[in-house]
Structures are given as C-alpha cells and as structure tokens.
Protein chains: 6
Amino acid sequence: MLTDLPEAELRRYRSDLREPSDFDAFWSDTLAEARSCGEPVQVAPVPTPLAGVDVFDVTFPGFAGQPVRAWLRVPRGAPGPAPAVVQYVGYGGGRGHPLENLLWSAAGFVHLQMDTRGQGSGWSRGDTPDVAAAGPQAPGMATRGVEDPRRYYYRRFLTDAVRAVDAACGLPAVDPDRVAVLGHSQGGAAALAAAALAPRVRAAVVHVPFLCDVPRAVTLTDSTPYREIRDYLAVHRDREEQVLRTVGYVDGVAFARRATVPARFSVALMDDIVPPSTVYAAYHDYRGDKELAVWRWNGHEAGGVDDDAAALDFLRAVLAG
Amino acid sequence: MLTDLPEAELRRYRSDLREPSDFDAFWSDTLAEARSCGEPVQVAPVPTPLAGVDVFDVTFPGFAGQPVRAWLRVPRGAPGPAPAVVQYVGYGGGRGHPLENLLWSAAGFVHLQMDTRGQGSGWSRGDTPDVAAAGPQAPGMATRGVEDPRRYYYRRFLTDAVRAVDAACGLPAVDPDRVAVLGHSQGGAAALAAAALAPRVRAAVVHVPFLCDVPRAVTLTDSTPYREIRDYLAVHRDREEQVLRTVGYVDGVAFARRATVPARFSVALMDDIVPPSTVYAAYHDYRGDKELAVWRWNGHEAGGVDDDAAALDFLRAVLAG
Amino acid sequence: MLTDLPEAELRRYRSDLREPSDFDAFWSDTLAEARSCGEPVQVAPVPTPLAGVDVFDVTFPGFAGQPVRAWLRVPRGAPGPAPAVVQYVGYGGGRGHPLENLLWSAAGFVHLQMDTRGQGSGWSRGDTPDVAAAGPQAPGMATRGVEDPRRYYYRRFLTDAVRAVDAACGLPAVDPDRVAVLGHSQGGAAALAAAALAPRVRAAVVHVPFLCDVPRAVTLTDSTPYREIRDYLAVHRDREEQVLRTVGYVDGVAFARRATVPARFSVALMDDIVPPSTVYAAYHDYRGDKELAVWRWNGHEAGGVDDDAAALDFLRAVLAG
Amino acid sequence: MLTDLPEAELRRYRSDLREPSDFDAFWSDTLAEARSCGEPVQVAPVPTPLAGVDVFDVTFPGFAGQPVRAWLRVPRGAPGPAPAVVQYVGYGGGRGHPLENLLWSAAGFVHLQMDTRGQGSGWSRGDTPDVAAAGPQAPGMATRGVEDPRRYYYRRFLTDAVRAVDAACGLPAVDPDRVAVLGHSQGGAAALAAAALAPRVRAAVVHVPFLCDVPRAVTLTDSTPYREIRDYLAVHRDREEQVLRTVGYVDGVAFARRATVPARFSVALMDDIVPPSTVYAAYHDYRGDKELAVWRWNGHEAGGVDDDAAALDFLRAVLAG
Amino acid sequence: MLTDLPEAELRRYRSDLREPSDFDAFWSDTLAEARSCGEPVQVAPVPTPLAGVDVFDVTFPGFAGQPVRAWLRVPRGAPGPAPAVVQYVGYGGGRGHPLENLLWSAAGFVHLQMDTRGQGSGWSRGDTPDVAAAGPQAPGMATRGVEDPRRYYYRRFLTDAVRAVDAACGLPAVDPDRVAVLGHSQGGAAALAAAALAPRVRAAVVHVPFLCDVPRAVTLTDSTPYREIRDYLAVHRDREEQVLRTVGYVDGVAFARRATVPARFSVALMDDIVPPSTVYAAYHDYRGDKELAVWRWNGHEAGGVDDDAAALDFLRAVLAG
Amino acid sequence: MLTDLPEAELRRYRSDLREPSDFDAFWSDTLAEARSCGEPVQVAPVPTPLAGVDVFDVTFPGFAGQPVRAWLRVPRGAPGPAPAVVQYVGYGGGRGHPLENLLWSAAGFVHLQMDTRGQGSGWSRGDTPDVAAAGPQAPGMATRGVEDPRRYYYRRFLTDAVRAVDAACGLPAVDPDRVAVLGHSQGGAAALAAAALAPRVRAAVVHVPFLCDVPRAVTLTDSTPYREIRDYLAVHRDREEQVLRTVGYVDGVAFARRATVPARFSVALMDDIVPPSTVYAAYHDYRGDKELAVWRWNGHEAGGVDDDAAALDFLRAVLAG
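Residues numbered from 1 in each chain as written. Chains lettered and ligands numbered in written order. Predicted model: local features only at pLDDT ≥ 70, side-chain atom pairs only at ≥ 80, totals over all residues. Heavy atoms only, no water.

Identification of chain A as Acetylxylan esterase from Micromonospora maritima is taken from an unreviewed UniProt entry.

Next up, the structure:
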C-alpha cells in the first residue's frame, strides 16, 4: 500500500528543512582536514577467475586520512582512460566480494565500489573499521556520535564518499573528467553529498536516497535505519534539539540545494524504509538538471535492475566523451 | 538456530525414500515425447550496453515441445566453442533481466539461464507461461497438478531443464562436451534432475536443493514452497497417498541415485526453507564424485557468493578442456 | 482500527474508474462464445446422511464450455419449483463438502453453490480445474493472464458465474423467475457481475465485494488477493497500463453501473482485505434498488451470520412468489 | 511442520498424570449440589426462516443451578423421540446464532448446542454469564479461579456440560437412551468429561480435546488457551503446585480413565494449540471402545468437515435405534 | 512513527464526547452506596529487608464495600503525618511485590499502591478478586459487563480508586490535606476519575491516560485494551449503541470536565496503545490548572522515569506543606 | 514452551567448552594493564528528591584506564562502612536514571551501578562511550572486534566490571571485605567474570547469565544478542574458527571454573534469549558454594523481583558482618 502522501501531493511537497548556519564551513573544514593527511592510495591486484575484468583491492585515505577499502574493477583492454562510476553501498552492507556487482564494469565503466566503514556484516561483507569513540547509541550506525556533529558517524562516512572521488580521479585507468557517483538508499545519500561536495563529479545517480528531510522521515517510518534515531530519542528524551541539529549537517536536502551536476533520482511510492516524500524533498530542491523515476508499486527495492539499466543510459549520455 | 538434526546426525542421515516402480520408464517416456515435438531453437540478439558480453534471447522446445525462454550470455571474443553453464532459477523467479547475473559469462563460460515456466513474478521476471490445466491447488506451483504424476508441474519444469541442456549443446558457441548444470534451491533440484537425465551433462552444481526427500521435508518446515504441499493435504485430507506418490517421481533423492557426473553440493544448517537433512539425503545417495560445502551459520542463502566462487573453481577443474 | 476514509467521507466517495470502451462488446462476445459450446448440465445424486435435503453433484458448461462443478442442495418435499440462490465462494475456497453450508436449503431455497476454477485448496475444497495457459504470474489467481483481458483468470471465473445462473434456471427444481445470486468477497464480485450480465437474475446479495475500484484498492491494502496485483507490478514495472486496463474489464464498479435488480450490499469499516471505500464505490454507482449494511467494528468477515440472516429476509421479500 | 513427537512415538506415548486422591468425591459432590438447585428447564421457540428445523432457546440449570443457555434444533416432522447430540463449543465461542451450525439437525438428530459461560465474544456469540468472583487471573478463562479447585472456571463449565445432558434427556423430542456428546477442542474436553460423569451418555465424539495431560501440554505450546496457564505461573511463581493440583481435577486423561461408552477421537499432528501427544494421552487411557482419526497435515482444525462426516457415521451406528 | 494526527492538529483537537444525562447521579449513587458498606480499613505490617521503609498490607472497602488490597509504604522516621501519593496501576498489573516501586516512599511520600481487582497476572502480581457475574465478554477486562453501566468492570474499578483516597486520608501516617493521585495508562484513567470524584484529592498526575474519548480511541488502534471493545462489537454487532453508552459513564473526558485540582498530564506522539488525540481530548477539557508533557519520540512508555521525576517536582510544589 | 532440553537432561548437562590455552595470561595481562593507567576515581554528589538515599555520579578507570561512569547510592545515616553490591546491567541498557533501581540501597547496601560502555540507548540510558575502532560488525555489541580477542568488546566490558569492584572497595562508605557482584543476563556474565577475576569479591548473584557456553548457545536461539554472532558468521563465513576462539576468552563457563566465592544462580526453562542449558553449563562447573533457582514457567525475565528478594536474603547471609 502507499506509505506516504498521495502522488499528487508528493509532487507538490517541499521540505522546510533549516540548515545549520555553519553548514558550508563545517564541510569545507572537514574536507580540508581529510585531504591534509593519510597515506597515498594503494592498488593491489586481486586474482579472480574473471575473463574480462581486472579487479584490484584499493585502499584510499578517507575521513581524517583513515584508510578506507574499495574494489576497483577495470574492463580489460580499454583503450586509455575510461569514464568511471564510484558506487556507494546501502545500509548494513560493505563492498562485498570481488565476484559480485559486475554490471558496471561489464558495461565498460571503471568501477570503484567503496567499502562502508564499520558496516559490512549484514547483506554483504566489509573490511573497513570505523575508528572513533562510540558513545551510548542505539544498535546500528545512525546514532553513533549523534550528539555532536563533529563526532557523528555520517560525517565520517560522507567524507569517505568525497575522498573516494578524489581517489578515483587519480587512478591511471580513469578519465578524471568523466567521473560519476551512484548509490541506492544510504548509497544514494552518499552520491548526493559527493555531487555537492566533490567538484570533479560530473553526474549523480541517486536512487531512493536515505538521510533526506530527516526530521520528517523519522515520524513516518518504523523501519531501520530511521528507526534508530527514533529509538535513541525515545531514551534520550532531552536531546531532541541536539540530535536534529546534528543530522542537519548530513541531510540530503541541504546537499541537493548545493549540487549542480545532472542527476537521476528514483522514488518508490510503497517504500516503507525511505518515505517517498523525503525523496521528493531532495529532488525538488536539487539545483542541477534532474530526472525522477517514480515506481508506483515498489517498496525500497524501487526500480531494481530497471533503475540500473536506466542509470547506464543516463551515464552514457552525460559522460559521453 | 539449527533447524534440523545436529551436525553429527546429519552426517549419518540416509533417506528411506521409496521410488515409484516405473520411475525410469516415466522419465524416458516423458523425455522421448518432449524430444519428438516442438519448434527448433531460436536465438535472437538483444541490444545491451554491455561491452564484453553478447546477450541473446533464446526460445527452445521444452516439455511437450512447448516454447521455453532463456537468456544466453556469450563472452565476446572467445576463440571457438567454449564450456557452458546451464543455470536454473530458484522458486518464484524467472530468467530476470539481461543485465543481471553476469558472473558466469564474465568468468568465460557461455551462460544459458533458463526461464521458469509460470513463475517469474516474484524476485525476478519471467516470460514463459505454463501451459496446462490447473486443477484445484494451493497458491504457488508445488501442488499444481499434484494428484497425477503426468500432470504435475514439476514434471514439466524438470523436462524443460533437460531440454535446456539439449538446446545448449546445439549452440555454435558451446563445446557440447563441456556443459555443466547449476542451480540453487529449486534450481538445484533442476540441476540434480538434469545430471541424472541428460547424458551430455558433465558436471553439476547443486546448492541447497529443493525437492529432495520430500515426505520428510514437509514435516520439518512451515515455509514456502514445501508449505504448499502441506496446505494442500490439510484440505484434501484423503489424497496423502496419491500426492506423495506423485512427488516421488520428482524427488531429488531418486535422481541422486542415478547421476554419475562430478557434483558439488552445499547445505546450510540454519536453513528453514530446505531442511538440511533433506540435502544430506540427496548427497549421501549421489553416485558420482561429490563434495559438500557445509554452511553452519547460514539460512537458505547458504554460501551465497562464496558458493558461487567455489563453484567456479569446481567447474574450471572439471570442465578443463 | 479504521482501514480507510472516515465514515462521513466514505458516504461521499465516488470512483472515477474509467471503463474500457469495448467493455460491453467484450462481455457479450465472451458470453455468446460460452453459450455456444460445452456439454449439457449433468446432475448426479450424492448420498449423504442428511434427512431433509437432497444433494446433487452438478457439472455445467462454464467459460468456453469448460466443465464447472457445483453442489446442488434441494429441500426435500418442496411442492413444485422453488426460488433458488446461486452462491459464489470467496478467494481460495471451492464448493467445499456436501455437508457444509446448509443454511440456504434449510431456509427453503434451492441452493446451487458454484465451485471456483483452480482454487479450492485453501479454506474449502474444490474440484474444478482452470484450463488455460498460465503465464508468469504472482502466486495466486489475481494475476493469472493479467496482461491480456481475454486470457485473464477473472474473465473465465465471471463467465462461469453467469453460466451458473443459466444452469440453475434450467433445473426442474428451480422456478426460473425467482433466481438470486449471492456471495462474499470474491463471491460478491461474482454476484455483482452476474447481476449485470445474466438477465434472469432477480436479486443480488453482494457482501464486501472484491474486485471493485481496483486501481484504488491496490494502493490501500497489503493483503491478498489485491496484494498479488501489486506484487506483479513491482516486478513487471513496465506493465502498469496494460494490467490496469485488463482489470478494468472485470471491475465491479463497471458492473454496478449496469445492474438494475434489487441488491443488498454490506461493507466493513475495519476491513483490511477489501478497503471499504471500494465497496462504497460500487454501491454508489449501482443502478438498481439497493441497501447497504455498514459494519463499523468488523474486518473482512463483515456481518457474518448477521449478513446471512438479513440476506434471507431480503431474498424472501424480493423473490416472494 | 510437526509440533510434537514423531508419529511412531506418539503411538506409544502414555501420560503419567497423577489424579488428586479425592477426584471422584469432588465430582460427585459437585454434581449432587448442582442437581439439587436451580430452576426447571425452559424452552422457548425462536422464529427463524428455516423450513425444516424448529429452533428453541433453552435455559437449563447448570453449575450450582445457575441458568445456562442453549440452542435446541429439532428436525421438523420427526415421528416421535429422536436420537440427540449435545454439542459443546470451542474456546472463545458461545452458542452462536440460531442460523449457524445446521448440520446435526439436518442429519436428523435433535441438536442441543450448549452456550459457554462467560465466553462467546470471540468467534461466535454467547449469552450466558459466568457468575463467580474472578480473582487475579490472566486474560481469558483458563486461570479464572485456578488456585482453588472449587472456584476454578472449568469446574463450572464441565458441570454445565453434564447438566446439559440431563436437560437433553428430559426433553420430549429426545429419546433419552440415544444421547451422545460431541465437541472440538474445549468442546472435546467437555464431551470427554460428560462421557465420564453423565451416566445417560451413550457415545462421545472428542475432537482434538483441550485440557488433557495439562502439565505436559503447557510445556509444549505457546498458544492460547494453554498459554494462559503458563502466563499465570510466570507471574505467580510460587503457585505451581497449587495450580497443577487444581487442573488435575479437570484433566481429560482422568475422565478418559473413567468413561466406558464408545468414543471417536481425532488428533492433528501439526496442531500447535493442542499438542498431539496430549490427545494420545487421553485416547490411550480411554476405557471404552474407541477409534482415533489421525490427521497428519492439519493444525488445530484437524479433520474439519471430514471429522464431522465421520462423526455422523459413528453416531448413526452407535445410536441406531 | 506518528500514530495519530500531526502535532499541530493535536493541539487543536477537541472531543465531541456526549456524556449520559445522568452521569453525575450515576456516580454520586455509586459512591454513596460504596461508602455505606464494607469492613473498616485493615493495616498489617509486612516484614521486608528494607532499611528505610515500612511496608504494610492494607485492605480497604472498595466498590460495594468489597475488600481491595494495597501496599502501603511509609518512610521510616517521618516527623508526623506526611503528604501521600495514591497510585493506580496500568492494565494487566496488580500491586506487585512489596520490594517493587520504591521511588515514591524513597522521596518521602507515604505511598499507597492500590491493587487492581481481577487483574494482576500480567506484568505484576495482584491479590484482589473482581466479584461480579461476568457475562459473555472478550478476554480481558474492558468488556466485562459492558452492556450495563451498573455492571461494567470500570464502574467497580473507578469506585475502588475513589475509596482508596478515602482510605489513605484516614491513615495516621497521612496528612489528609496533602493527598495526590497518580497513574499511567489505566492508572491515569483512575487518577483522572479520582481527581473528579474524590473531594480530598489535592493534585493529580495523569500519564498517557486510558479510557479517554473512547468512541474515537477504538477506531484508531488495534492494541489491547481498546482492542477488546472493538472485538466485542465485532461479534455483538447489534450492541454498539449500548456499549458506547456504557463507556460514556467512565470516559476520562467527562471526568476532566469536572476536576479542578492542579494536574500534570503526559502524552506520547508515537503511542500505539493510547492514541495521543484522546489524551489531548482530556487535557483540553480539564478544568483545573494543568500542564502537559509531550513526548514526541516515545510509545506508550511515554516519559518513563522522566515523567516520574517531573511528577515528583510537581507534587512537591503542589503539596508543599 | 520449553526452549531447550527437558529438565531432567538439563540437570545432567555439562559443557565441553575448551578454553584458549592462554586464557589466564590473557586476563592477568589485561587487568594489569588496566590497573596501570587511568585517572583516580571521582565521586560527585547528585541532587535528587530522595529522602533516604544519597546519590553520587562516579567515574572510575576501566579498561585501559578509560573513564567509566556509575551511579553510587548510599543509604543515609549508615553507621560506618557498609556492605556493598556492585551491579551490572543487561544488554542494551546503561546505568539509567538516578531515581531508578532503588531496591538495593533501600535494603541497606551501598549500591554501585556500573554504566555499560557504548550501550544505554535501549531500555535505559547510559553515559559511557566505548573507545575503540569498530571494525565491520553486525549491529549491536556482540561482534564488535570479534575477530581479535584483544579488540573484542567484551574484553573491555568485563575489564570494566572488575575495575568497578576495585573502585567500590576504595570508597569510604564501603566495607571492602563485604562486596558482592550482581547482574542479570549480560549483567550476570559480568558478575561471573568479576567473581573469578576480582579477588575482593565475596559473593556473586548470577541471574540467567549471557555469554556462557557460547558455541552451543548460538545454535539454540535466534534472539539478540546471540543472534548477532550468528549473523556475523553468516556473512563472514570463513571466520568461524577465529570468532569462536575469541569468544572463548569471555565465556562464562571458563570463569565459573575459576570462581570460588558463594554464588546464587537462576535459570528460566522457557527462556528464548539465554538457552537454559548454557546456564546449567556455567552452574555445573562453578567451583564455589552455589545454589540455583529454577523458574519453570518464565522466559528471560526469570524470577524477576522474586530473584531480587532471594538475592537480598542470600547477600545478607553471606555478607553478614
């Protein structure tokens, strides 16, 4: 069944999200610090039985220079630097297995799939720790450090996302003028942030993004991960103001107001994990060229492989050399 | 938690399944009839954005010559006929989208992914109807025609599976002496049957197979699809004997007793869909060379991509030209 | 809790359903074809321990003349042809057991209880197969053949329903000028269609009817059987237009606009299987004399035996010889 | 799935239930007191639209002479006193509606359907209050007064059951030498008790009886009503001995050891409400001629109408005039 | 997620509850009768290992003079009569264990914790029976006697609540001019009624009160105990008017319109047991000084210990000697 | 229902847990390191409305000297150093609110309630962060750092538990020769470890302890927190050996084999969170004087306040000055 407003009202919905006044300074400081430290990118070949793709184990400097892992898949026999897709993963998953997720390289893109710090023990494996003091929190990631914007988990995760673009642009196999970002759910949140914060991004694919219009989202769903924020506030009853302030620094609506590259969004009207109005909120405020795929009958899987196929068409058109 | 016997007892478990006395005649007649009719195999190219794989829409004659669809994925630039993997799909799914399931062709195999008649509206799409009178049945496929072995859905499905091997062997891109079958759950049931019934099969990958030791399985789980058989018998209380007789013609334990090619099985000890003892039942009676991957902590997903990776190694070794 | 609009809004709700332009031709062609073929009605006595009722196993020609089963219960010792009730069964059930459902004959009506093709393995038994190719579909009946109005399951089922009236009118025990139709849920959908399509029907009892205002219904509930349509569209994402077009040929709102015999409806405001607004949609557009029982505190069981008792009163009044 | 021991072990299972030493005195005192007080049986006709059955609203003196309601259904035109079936209802239900439950009178039996004191707001209506102080208890009936055998709900309910037989034997329409008792679940418990305690009972139909081998039953299921006893003991942790002592006075195994009339039992091997071993416990200790229908694939509905049909055959044979 | 209206609409929501015309007479008669009978209050010391609190087992005359139990906890060494808190317990619980619930006495209040008649086998123990005929009812308390205001369970329970205040005022340890009432959920309903009906109450703490604006509440939640009323009406379909009339005599909105002492309310916006609009309904109509704590992220636990801490502050201020 | 072996078999059950060979060195090194660093204990008074108890906010050096919080509740007016209870909290909770958990101080004990690092956003609040890199993990704590015994969360938590005893013994209000440890579930695991590792502990109360016989426990329950370990291994399929090795360092059975002070255990036979056999495993191997309360009808709440009351008696007897 529909999980949010009727479609006609969704089309009119605008968020009244108020951003922290120092939002831009917060992120420029964070990124400047991240870029000032850490080890250089490392790229190690991974033996696989794959015939047409070379896989590499990449380690790049993320938040505060901390090492973050990724799989790099390079189509064999490409004639020089190729367009690249930097992909971010949904909640609970990590970069997975080298043999998974072969679509993007099969389609001719260099494919950098970023691991997710501290996650990767749910539906796919991860290898990157989240290095930070973990205060009292609800199980999961969405409230780790949530009482202080500078210690919040998603500050670290989104910084990793931007630095993954930096790393991709420096790879010899990649044409740094044709780099796109892509993700579903939590991965969509990362793609949206990277589109706003990483100047070399040329296109963004943002499928049913998490972390948009959060103060509204947490009143509309009982599903993880938004549920974690509600659970935290149900115990820490006096921290509402601080918690909502913190998540204001990572809200996708704020990033949408700052991003200008062409973007493809998708939304699912029966999604009970990411309320569709919160996707419309980001879409409506997005400043660049944009398109929105509306899936009327789907839950959080949204368009699935149909979204992927359309994203391939979109990326080919936008990144056409 | 464990869903069946302790592991030590699983290792000793043997099924006492009694096969119908005309089991072999039933299948030789069925296959002879299938091979006597239907249109020739059709192969139509499918345009995709994939750079290293050519995809074709295949229609081959299945049960009673009825047309069955499949995707054929051929690694581009292979130097002559290559080894092939015929894959069968799990319950509820169809052949899906051309852009899905790229692992096997990326690894250099010709990959024929058979559609599942009448299914394919659950987790992946299908395009093949099931042409038959559907008597009173529980929702789903497991009791369609279950009161008559000759009208039972799985007779048609398993015949399709054998005929898919026939079709694969006739494709120019395929080396007919290096054809393997592979599947998970319902797909594993098909792989097991094809290993027993299709003489050109050279190897079988049988992951957590459905349809093994059925009279026991239906007493051990409340999950679909075994649940459908229980639900049917709960209403048609006087048909127990006939129903169990029918499923005896498609039980994987009987096929295991007839198959001789090398096989890789997997089983998951916390599987609440396919009870692990029923997998051991098939494995223990399997007549060919065999190996069994035991996943102690997994449910029906079993080894997932780890099973796939190991299957690739197994197939490379067995099918080495 | 309430599952749909507040009662005051329900009272005002009107459907904006748009019927296919060839709706009437579709049904006149379908019925003409059905009436042109098939074997004559067969009536075989069934021995039972019942003292006051004779039970017969009836086979009548349904869709495309295909044989459909029914139980006929005739009150013993009636002085000549009697009024008759043709009953249709809810989703998942069949005609059941001869000893069930004795109310209508006990009240003096000849009672013809139609079996449901292909169903009858859920809460009651059936004996009638559904003869048709079953394309890819969600488990259940609601999407069987849904991409083509001529192949859709409910075309066959509703044609059976009309032909059951024809069969009843030809039975010696029945006064053909006093025949009513009756059903709950899916059975209500059939009663509504028969009231519109079978000219000899004199009254209709339509309790919480399924299949009304379908495009709205599927957005309001996650329960079977409407859920099956949603699940189908969630996988076959590009078929929304075709699927909604197909169900337009069987929507009860369209039948309501064509039926003119007296009718008794019921609706339940806490029904989570058939959203109450969709019942109001059919009721408000119904052209004949009508009454509506509103059950404020019930789910899909609606008035249960209270609905039955009121239906008896209604039928006695309308069919009074 | 199976909910209890494998079938082979069920066939051997015997209860080690120890009865209270004053069990017989308890019941003879209780019944003597009940028979010593209360108003005479009242029988009031109920107008219905039924053509072949006369329905009466009966009030008879139950426990401590308190008035208990019942429906009496008499086949019209019977030539003198007829055999009778006294039916008891399952947990949560009452005597229901006059138009329900027409099978037994349709089959030629006088049918007295006893209401259930204090219940009858679940799946069918009731009209009889339970007059007693209700101490602290879990919601439901199974722990009402459970700390004192003389105040326990089921003492009152089972006394009503015996007195219903007394009342039936005094009705002019009934042949007092051909009276049987019948029930499913809680109704089966009542039938078993009446068979042991009411000397005029000639046959008993005991389908999946509740209240047998209770100390074992409460360790094997989490479903209501056994769950209520567990919940009570989970809070009143120091009352285990007293509570188990109380239920010993109403345990069907003890009644089975005292009953000698022919009996038909049924059991369902997938029953998660009444564990099958507890039915076998009563069956194995039953002293009269007996038969047991084993439903391997059913839950608590057991044989449903098939049980009813077989019960009709059994009753006709045993009560044959 | 939010379970009721958005917060802005909650702030405006007013109930249109219509009280029975004889509401005040009903209660004055009930209380006059209660005060005219029963045994004097009994107070028996209970040995405990507690160092700073004396605990007593109190029996006081409640409805119709029937004995009701309570725990009395008196801070040791208080210099003369102290302010007192009379606490009522939530649905399903009883007065519990002497060693539980030590906050109020630790804070210096004499603490009388009333047992709940007939409850106390759920999350905490009780020792007080409910003496009354129990007509057909849904499991639980909310429909016991619901067809007659004079026999309704909550008439008895609320009368107990008023009489507990009377009993407290007569205890030597208590300053009768400084007595407050307090409760959560069902306990809040009792506190609200006592504030209206017991003239010696000086303050009321009413946390997420049950039994307010009942006709609306039962349409907004499927949770117990409101669910019991819905279940009752779903079976007794013809009793809606009578049932709603009965609950009108115990509706907290009516009590709110009559109470004038200072009160502290709390409400939880994600409460799925007591819909928040029904709390606002009582709060908005409350006639005395009032404050409302709004917990945006909590379910029925509402403010939990934060509500308790704030209630302590409120009581200290209002009851300051 | 029973969740594990029958009681007779539980009484005989012994674990075959194999401890790591360097178990004792691991813990002596860990504790030596912890004791070598960190700030001194800080004790700050907390204003409360409590009349008989003084509450203090304590910060003590835990694992690696990291600051850990606790509430200290001191009965007012004690004549010199008093016996003390150090309490550890169950999974998901923190030290909570100063006004909660007043039993132990009300009974005359100095009560030190340790906060739980990184938890305390579930059912009670916490204030202590867990300072460590968090590798890929399942949501929750049970797999944080589980691949390396030295980085495992429970190494840090149990070290905190031992250091809390050290801190308690240094408080002026405490008689260091009369200090006991106490906990339920995760808190019981901590109490068991402290009994083995902290030489000044004089008695231990270990209610339904978590973390005992872990390799068995994870095969018997699907509930959190054991579920987290299963979920981790389901994704990290190749880490079984390492993970089970790590948890061997914190298994309560190993601590039981080393503890010698008098202990009170409790176990619940219907516990679906901590399988009862795993409690028996620890109890049977416990080396000191011991008693076991068996709750036959309870789930994980076990004896609740009855366990508390009995623990008070036990502690008074053992710690009697």
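So that's the structure; there's more coming.
**Examining the interface of chain B and chain C**
With 29 residues of chain B at the interface, the matching set in chain C holds 29 residues. When the two sides are added together, the surface that chain B and chain C hide from each other amounts to roughly 2000 Å², 52% of it contributed by carbon and sulfur. The three residues of chain B that bury the most area against chain C are Ser-121, Arg-125 and Val-235 of chain B, which together make up 29% of that side's buried surface. One can count 0 salt bridges joining chain B with chain C. (Contact = heavy atoms within 4.5 Å. Buried area = accessible area lost by both parts, 1.4 Å probe. Salt bridge = Lys/Arg side-chain N within 4 Å of Asp/Glu carboxyl O.)

**Focus: helix α7 (residues 226-235) of chain F**
Residue and element names in this part refer to chain F. Most of α7 is tucked away: 8 of the 10 residues are buried. Residues of α7 that are buried include every one of Tyr-226, Glu-228, Ile-229, Arg-230, Tyr-232, Leu-233, Ala-234 and Val-235, and no others. Packing partners of the buried residues in α7 comprise α6 (214-217) and α8 (240-248). (Buried < 20%, exposed > 50% of the residue type's maximum accessible area, 1.4 Å probe, protein only. Helix = DSSP H or I, 4+ residues; strand = E, 2+ residues; numbered from the N terminus.)

**Examining the packing of aromatic side chains**
For the structure on display, the rule yields 72 aromatic pairs over all chains. Ring geometry for Phe-265 of chain E versus Tyr-286 of chain E: centroids 5.4 Å apart, planes at 75 degrees, classification edge-to-face. Residue Phe-265 of chain E is found in strand β9 (residues 263-268), and its partner Tyr-286 of chain E is found in the loop between α10 (276-285) and β10 (290-295); the two are separated by 21 residues along the sequence. One exposure class covers both Phe-265 of chain E and Tyr-286 of chain E, and it is buried. An aromatic cluster is defined as three or more aromatic residues linked by ring pairs; in this entry it consists of Tyr-152, Tyr-153, Tyr-154, Phe-157, Phe-210 and Tyr-226 of chain A. Seen from the ring of Tyr-13 of chain A, Arg-216 of chain A lies directly overhead, with NZ or CZ sitting 4.7 Å from the centre. (Phe/Tyr/Trp six-rings, centres within 6.5 Å; stacked < 30°, edge-to-face > 60°. Lys NZ or Arg CZ within 6 Å of the ring centre and 35° of its normal.)

**Points about the interface of chain F and chain B**
Contacts between the two partners involve 11 residues from chain F and, on the opposite side, 13 residues from chain B. Buried area between chain F and chain B, both sides added, is near 1100 Å², and the carbon and sulfur share of it is 53%. By the criterion of area lost to chain B, the three top residues of chain F are Thr-219, Arg-230 and Arg-237 of chain F, representing 55% of everything that side buries. Summed over the shared surface of chain F and chain B, the number is 2 salt bridges. The salt bridge partner of Glu-240 of chain F is Arg-296 of chain B, with a shortest N-O separation of 3.5 Å. Linking chain F to chain B there are 9 residue pairs in polar contact (both at pLDDT 80 or more). Secondary structure elements with two or more residues in the side of chain F that touches chain B: α7 and α8 of chain F. The element that contributes the greatest number of residues to the side of chain F that touches chain B is α7 of chain F, accounting for 3 residues. Across the side of chain F that touches chain B, the residue classes break down as 5 nonpolar, 2 polar and 4 charged. (Polar contact = N/O pair within 3.5 Å; in protein donor to acceptor, adjacent residues only side chain to side chain. Nonpolar A, V, L, I, M, F, W, Y, C, P; charged D, E, K, R; others polar.)

**Overview of the sheet that holds strand β8 (residues 201-207) of chain A**
Through backbone hydrogen bonds, the strands of a sheet pair up, either in parallel or in antiparallel fashion. Residues and elements named next belong to chain A. Sheet architecture is open: 9 strands sit in the order β1-β2-β3-β5-β4-β7-β8-β9-β10, paired in mixed fashion. What marks the edges here is a single partner per strand, and that holds for β1 (42-46) and β10 (290-295). Across the sheet, the axes of successive neighbouring strands diverge by a mean angle of 20 degrees, strand direction being ignored. When β8 meets strand β9 (residues 263-268), the two strands line up parallel, connected through 4 bridges. Residue pairing across strands places Val-206 opposite Phe-265, the latter belonging to β9. Sheet strands touched by helix α5 (residues 186-197): β4 (82-88), β7 (174-184), β8 and β9. Its angle to β7, the strand with the most contacts, is close to 140 degrees. Contacting β4, β7, β8, β9 and β10, helix α11 (residues 305-318) runs over the sheet at an angle of about 165 degrees to β8. (Pairing = 2+ DSSP bridges. Axes fitted to C-alpha atoms, helices over the stretch in contact; angles between N-to-C directions.)

**Notes on the relation of the copies chain B and chain C**
Copy one and copy two of the chain differ by a rotation about a common axis and a shift along it. Once chain B has been moved 0.0 Å along the axis and rotated by 180 degrees, it coincides with chain C to within an RMSD of 0.0 Å. In symmetry terms, the pair is related by a two-fold rotation axis. Ranked by how close their C-alpha atoms come to the rotation axis, the residues of chain B are headed by Pro-139 of chain B, at 2.6 Å. The residues that chain B uses at the interface reappear at the interface of chain C in 100% of cases, marking a shared surface. (Least-squares fit on C-alpha atoms with pLDDT ≥ 70 in both.)

**Section: empty space enclosed by the protein**
Over the atoms rolls a probe the size of a water molecule, and its path tells where empty space is left. On inspection of all chains with the given rule, the structure shows 2 cavities of 30 Å³ or more. Taken as a whole, the largest cavity encloses approximately 70 Å³ of empty space. Lining the largest cavity we find Tyr-91, Gly-92, Gln-119, Gly-120, Ser-121, Gly-122, Gly-140 and Met-141 of chain B together with Gln-137, Ala-138 and Pro-139 of chain C. Of the residues in the lining of the largest cavity, the class split is 4 nonpolar, 7 polar and no charged. (1 Å grid on protein atoms, 1.4 Å probe; cavity = no way out; pocket = protein on both sides within 12 Å on 5 of 7 lines; lining within 4 Å. Points joined across faces, edges and corners; volume = space filled by probe spheres on them.)

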